[in-house]
Amino acid sequence: MEHITARPGPAEAARLLDHADRVTRRAHDAVRWPYITFITALGVATALGTLGMGLTTGDAFAAVYVGTLAALFALLVFFMIGIRGRSAFARSRRWTVYIASWAVTYVGAIAVVGWVHGSVLWSGITSGLILVVSLACAAWESRS
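The following refers to the structure shown. (Residues numbered from 1 in each chain as written. Predicted model: local features only at pLDDT ≥ 70, side-chain atom pairs only at ≥ 80, totals over all residues. Heavy atoms only, no water.)

**Observations regarding the packing of aromatic side chains**
And step 1. What the rule picks out here adds up to eight aromatic pairs.
And step 2. Measuring from centroid to centroid gives 6.4 Å for F61 and Y65, while their planes differ by 10°, and the two rings are stacked. Of this pair, F61 and Y65 both sit in helix 3 (residues 58-83), four residues apart, which is roughly one turn of that helix.
And step 3. Since its relative accessible area comes to 27%, F61 is described here as partly exposed.
And step 4. Judged by centre distance (5.0 Å) and plane angle (15°), the ring pair of W102 and Y106 falls under stacked. (Phe/Tyr/Trp six-rings, centres within 6.5 Å; stacked < 30°, edge-to-face > 60°. Helix = DSSP H or I, 4+ residues; strand = E, 2+ residues; numbered from the N terminus. Buried < 20%, exposed > 50% of the residue type's maximum accessible area, 1.4 Å probe, protein only.)

**Quick look at the nonpolar core**
And step 1. Within the largest apolar cluster, 21 residues are counted, with the highest numbers of intra-cluster contacts made by F38, I39, L42, L75, W95 and I130.
And step 2. Mapped by element, the contributors of at least two residues to this core are helix 2 (33-55), helix 3, helix 5 (93-115) and helix 6 (120-143).
And step 3. The leading source of residues in this core is helix 2, at seven residues.
And step 4. Other than its neighbours up to four places away in sequence, I130 contacts G43, T46, A47, T50, W102, T105, Y106 and A109. (Core = buried A, V, L, I, M, F, W, Y, C linked by side-chain atoms within 4.5 Å. Contact = heavy atoms within 4.5 Å.)

So, in structure tokens, the structure goes:
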């Protein structure tokens, strides 16, 4: 038995496309793993990078600095591919808080690198703070 369907009219086609877009957005919002992975990896990469920068000098410092930049670039590429054009930042105040929290702790760690270079205590505290804040943000996002 052959089933033949007529082509939908313009109004029906627009309704079907709108429905498909809503289903896509709901499915995407339900799958938060790219966002959680990004904030976790951002925290780990920058915590280890600032710790390494705070405790090294010369060529080792340059290697840590370049390595941290490369990791951040790779994270951004992964994030853009992972979210496939959806914008976490445009629709969520949570992400503004996440990135602002990370930025404050990262700026503090960079200040330690610049002003108290070589201090194991301060490098450890500020780098650990980056990691704690990032993991807390990832945990909050996973429950949202």
